[in-house]
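What follows is each chain in one-letter form.
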Amino acid sequence: MASSFCSGCLTRLRQGPRAVLPPTTAVSRAAFHTSTALHRAVQKPKVSGHEGPKYRVGAAVKIKKKKPMEKSRPPAVGERKALRKRIILSNPNALEVEGMQELNGETMVDSRLRGQVLALPVPMIDQLRAVQAFKTSQGWSIFRRPGTVLRRETLEMGRLFDNISGEAAGSRTVVKKIITGQRKTGKSVHLLQAMAMGFTKEWVVITVPEARDLVTGTTSYAPLSEEEPNAYVQNAVTAALLSRTVTANQKVLSALHISQHHPALSAVKPGMTLEDLAKLGIQDQANAWPVFKALWAELTATSAVPGLEKNFRPRPPTLVTVDGLDHWMQNSAYRNAKHEPIHAHDFVFVRHFLNLLMPGKGKSTLPNGGALLYATSSSNSPSIYAFDVALKQVAARHAGVDPSSSEFPTPRPYSNPDPRVLEAFNSPKPTAAKEGMLDVQELGGLTKDEARGYLEYFARSGLLRETVSNESASEKWTLAGGGVIGELEKLGRRLRVAA
C-alpha cells in the first residue's frame, strides 16, 4: 500500500534540536538489544584548590609506633587443672543452720532423722578430701558447711556398717553392691556417705575416685614382667592410690604392724607399721604395685606368720569404692607393642578390683569383713551393651533365677557382646558363710517427705525464700522428675523474692 506522504512533504519537515538527535558516532551493541543508548557525559574529576605533592617530591610521613603490649605470664604446669578441679566446701554468705546435727555412729542409723540434712564432722572433711570424695559437680559451695541428706538407702547402709562393726573378728559379713541409677540421683554422694561411715567406724577406706582416669591414656604404663607380657602395670596410678590411703587412714594404719613375709620387698623390716609400708610405694613408684600387694595382704590377714606374732592386732573391716565402673568395660586408649588397643581388664590394677567382686576361693575376698561399693556413671559413661546384660544377669542371680532358665537374661543374637565383660560378672553363689552375693542397687528419687526435708534445708540456709509446705514440696518433687536430688537442688537454689 502506498504512503499518504509525498516526498515534498517530507522535505518540509523541520529538523529537531541538535541535543535531541543521537550522536553520530556508532554505538556497538547487539542487534537484538531493545534498550536505548546511554548519553552520559564523562565527568572530569574535580580538582581542589590544594594540590598534593608533585612527582618525586618528598613528604613527611608520620607513623605512629605501637605501644609494646605486656605479655601475661603463662599459667604454671597444672594450674589450670587445679583451678578446674578446685573444691569449695563453705559459703560464708549462706546462713548458719541452727540445730544441725552431725553424721556419727548414732545418727546414721536413726530412722527419726530420715529426710534431714546431717553435717559432716569437721575432722572428717580432711579425710574425705584426701580420698577425693567431693566432686565439682556437687553443690557443696552454696551452703555454710557440707552436709548430706539422710535418705532411705543411707539408713539401710548405716545399719549394714553398724552390724558388720559389731560382729566378732574373723566372722564379719562382706557386702558387695553395684550402685546404678539415672543421672543426678546421687550415686557419687552415696559413695561419699559410705566413706564417711567407714571413717566413723574406723575402717580402712580404699577408693578409686574416677575409674575413667585409668583408661584414657594419660598415665604411664608398662608390661608387668617378661613372664606376663599381656599384663600391664600403672605405677603412677598405684602410687596415687597409696598416697590417698595413707593420708585418709593414717590413724588406723599407724597402729597396725607387719605380720606377713614379703620377700619381693627388701626394704620391709619386722616391726614396721602399715603406714611406713605404704610410704615405700609412694617414695619409689617403681615398687608401687608390689607395695600395694603387700599392703593388701596385710589388711586381709587373719593371723600372723611364725615370728611376727608379737605386734599383731586384728585387722579392721575394709571399704572399697569405685566410681565410674562403666569405663573399665571396654578397650582403653593405651596400645601394646603391636599397636593394638589394650583392654582395660589387662591392667593389673583394674583386674584386682574386679576380682574382688567374684567369690573368694576357700575364704572370703575380705576375710576381716567390709563392703565393696562400685558405682556406675550416667553423665559421661560409654554405652556398652555387654555391661548392661551383665548387670541384668547379676540382678537375676541375686533374685534366685537359675542361669539355665528361660527367664534368665541373655544377649541378643548377633549382638557380639564382649565375653570378658560377661565373665567378669559371672559370679556364682559364694562358698564362704559370711560373704554376700553380688547385688545391683538402683538409686531413684527421694520420697516426698525426704524432698520436703531437703527443701527446708535450702530455706533455712537462705537460698529458698518461700514457705515450704506439702503443696510446694509436692510441686517441686514432680518438677524434679519424681524427686531426683540433682534436679531438686536446681529448684532449691533459685533465688525468689516476694513482690
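This one's a predicted model, so the numbers in the text were calculated from it and none came from an experiment. (Residues numbered from 1 in each chain as written. Predicted model: local features only at pLDDT ≥ 70, side-chain atom pairs only at ≥ 80, totals over all residues. Heavy atoms only, no water.)

1. So, the layout of surface pockets
Of the voids in this model, the second largest pocket is the one considered here, and its volume is about 330 Å³. Looking at the second largest pocket, it is lined by 18 residues, and the ones nearest its centre are Trp296, His352, Asn355, Leu356 and Thr365. Elements that contribute at least two residues to the lining of the second largest pocket include exactly helix 9 (288-299) and helix 10 (348-355). Looking at the lining of the second largest pocket, its residues break down into 8 nonpolar, 6 polar and 4 charged. (1 Å grid on protein atoms, 1.4 Å probe; cavity = no way out; pocket = protein on both sides within 12 Å on 5 of 7 lines; lining within 4 Å. Points joined across faces, edges and corners; volume = space filled by probe spheres on them. Helix = DSSP H or I, 4+ residues; strand = E, 2+ residues; numbered from the N terminus. Nonpolar A, V, L, I, M, F, W, Y, C, P; charged D, E, K, R; others polar.)

2. Looking at the pairing of strand 10 (residues 370-375)
Within strand 10, 6 of the 6 residues are buried, which leaves the element mostly enclosed by the surrounding structure. Of the two faces of strand 10, the one lined by Gly370, Leu372 and Tyr374 and the one lined by Ala371, Leu373 and Ala375 are each fully buried. Where strand 3 (residues 174-181) meets strand 10, 6 bridges bridge the pair, whose relative direction is parallel. Along strand 10, the bridge assignment pairs Val175 with Ala371. With 6 bridges joining them, strand 7 (residues 318-323) and strand 10 adopt parallel strand pairing. Bridge pairing in strand 10 links Val322 to Tyr374. (Buried < 20%, exposed > 50% of the residue type's maximum accessible area, 1.4 Å probe, protein only. Pairing = 2+ DSSP bridges.)

3. Here's the deal with the pattern of salt bridges
When the charged atoms of two side chains with opposite charge come close together, those side chains can pair. Counted by the stated rule, this structure contains 18 salt bridges. In this structure, Glu96 and Arg144 form a salt bridge, with 3.4 Å as the shortest nitrogen-oxygen distance. With a gap of 48 residues between them, Glu96 in the loop between helix 2 (79-84) and strand 1 (117-119) and Arg144 in the loop between helix 3 (122-130) and strand 2 (147-149) connect regions that are remote in the sequence. Look at Arg144 and you get partly exposed, because its relative accessible area is 33%. Note that Arg152 and Glu153 form a salt bridge whose closest N and O atoms lie 2.9 Å from each other. (Salt bridge = Lys/Arg side-chain N within 4 Å of Asp/Glu carboxyl O.)

4. Overview of the environment of Val246
Tracing the backbone through its elements, the reader meets Val246 in helix 6 (residues 235-248). For Val246, a relative accessible area of 7% puts it in the buried group.

5. Quick notes on the sheet that holds strand 4 (residues 204-208)
Taken together, the 5 strands give an open sheet; going across it, the order is 4-7-10-3-11, and neighbouring strands pair in parallel fashion. The sheet is open, and its two borders are formed by strand 4 and strand 11 (439-443), each paired with just one other strand. Here the average twist between neighbouring strands, direction ignored, is 20°. Bridge count for strand 4 against strand 7 is 5 bridges, and the pairing is parallel. (Axes fitted to C-alpha atoms, helices over the stretch in contact; angles between N-to-C directions.)

6. Brief notes about the packing of aromatic side chains
If you walk through the whole model with that rule in mind, you get 15 aromatic pairs. Judged by centre distance (4.6 Å) and plane angle (70°), the ring pair of Tyr221 and Tyr334 falls under edge-to-face. Of this pair, Tyr221 sits in the loop between strand 4 and strand 5 (222-223) while Tyr334 sits in strand 8 (residues 331-335); the two residues are 113 residues apart in sequence, bridging distant segments of the chain. According to the relative accessible area criterion, Tyr221 is partly exposed, its value standing at 32%. The buried category is assigned to Tyr334, whose relative accessible area is 3%. Both rings, one in Phe292 and one in Phe353, keep their centres 6.2 Å apart while their planes meet at 35°; by these two values the pair is tilted. (Phe/Tyr/Trp six-rings, centres within 6.5 Å; stacked < 30°, edge-to-face > 60°.)

7. A few points about the nonpolar core
Residues Leu277, Leu325, Trp328, Met329, Phe353, Tyr374 and Phe425 are the most contacted members of the largest nonpolar core, which totals 65 residues. With 7 residues, the top contributor of residues to this core is helix 9. Each residue touching Phe425, except ones within four places of it in the same chain, is listed here: Ile178, Leu325, Met329, Leu357, Phe387, Ala390, Val394, Arg397 and Leu438. (Core = buried A, V, L, I, M, F, W, Y, C linked by side-chain atoms within 4.5 Å. Contact = heavy atoms within 4.5 Å.)

8. Brief notes about helix 11 (residues 385-398)
With 14 residues, helix 11 extends 20 Å from end C-alpha to end C-alpha; this agrees with the ideal 20 Å at 1.5 Å per step. The complete set of buried residues in helix 11 reads Ala386, Phe387, Val389, Ala390, Leu391, Gln393, Val394, Ala396 and Arg397. Where helix 11 is buried, its residues meet strand 3, helix 12 (419-424) and strand 11. In the segment just after helix 11, Gly400 is the residue with positive phi, at about 95°. (Expected span 1.5 Å × (residues − 1).)

9. Regarding the environment of Leu308
Examined against the element boundaries, Leu308 turns out to sit in the loop between helix 9 and strand 7. Note: C-alpha distance between Leu308 and His261 (47 residues apart in sequence) is 9.0 Å. Ignoring sequence-local partners within four residues, the contact set of Leu308 consists of Ile258, Ser259, Gln260, His261 and Pro270.

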